[in-house]
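Residues per chain, in single letters:
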Amino acid sequence: GSMAVSVRVANEGPREGRETVQVYLEPPLGALERAPRELVGWAQTGLLGVGEEVGVVIDVPLERLRIWDGAWTLPAGTYRVVVARHVEDPGLSQTVTLP
């Protein structure tokens, strides 16, 4: 399966431009097998004019969330999904619980 992450992006700058939207995953507390924040998906907007806004949907395959534990597994728990411009950007976040 996969997880669809959607966000609206607006060009608030003084000239036209593109934006690369990145999706990061923060694992449940105590998940020692993972980095504190992992890049799991991204998409780039087309060229946006000044003041233009567009919706972006990033499809994150659940296989990107798996870890090797003798076999590929998807650990259960509450994850934080962060949409940001770069890894240190606090961005926008939402939690998801995987069974």
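Above this text sits the structure in question.
Along each chain, residues carry numbers from 1 onward, in the same order as the chain's sequence is written. Totals for whole chains, interfaces and linings use all residues, but because this is a predicted model, local features are given only for residues with pLDDT of at least 70 and pairs of side-chain atoms are given and counted only at 80 or more. Hydrogens are left out, water is left out, and the side-chain values use all remaining heavy atoms of the structure.

### Structural notes on the side chain of Glu 26
Turning to step 1, where the next piece is worked out: Here a helix means four or more residues in a row that DSSP labels H or I, a strand means two or more in a row labelled E, and each is numbered from the N terminus. With respect to the element layout, Glu 26 can be found in strand E2 (residues 20-26).
Turning to step 2, where the next piece is worked out: Only protein chains enter the accessibility calculation, which uses a 1.4 Å probe; a residue whose area is less than 20% of its type maximum is buried, one above 50% is exposed, and one in between is partly exposed. Residue classification places Glu 26 among the buried residues on the basis of a relative accessible area of 15%.
Turning to step 3, where the next piece is worked out: Side-chain atoms alone can form a polar contact between residues adjacent in sequence; in general such a contact is a pair of N or O atoms within 3.5 Å, and within protein one must be able to donate a hydrogen while the other accepts it. Within the structure, Glu 26 has its side chain in polar contact with the side chain of Arg 37 (distance 2.8 Å).

### Remarks on the layout of surface pockets
Turning to step 1, where the next piece is worked out: Its boundaries defined by the atoms lining it, the largest pocket holds a volume of some 430 Å³.
Turning to step 2, where the next piece is worked out: Whether a set of points on the 1 Å grid over the protein atoms alone is a cavity depends on a 1.4 Å probe fitting there but being unable to get out, while an open set qualifies as a pocket with protein on both sides within 12 Å along at least five of seven lines; lining residues are those with an atom within 4 Å of a point. What lines the largest pocket is a set of 18 residues, among which Arg 8, Val 9, Ala 10, Glu 19 and Arg 85 lie closest to the centre.
Turning to step 3, where the next piece is worked out: Elements with a contribution of two residues or more to the lining of the largest pocket: strand E1 (2-10), E2 and strand E7 (77-84).
Turning to step 4, where the next piece is worked out: When residues of the lining of the largest pocket are assigned to their parent elements, the largest contribution, 4 residues, is made by E1. Grid points are joined across faces, edges and corners, and a volume is the space filled by probe spheres set on the points.

Interpretation in functional terms is not warranted from these geometric data alone.
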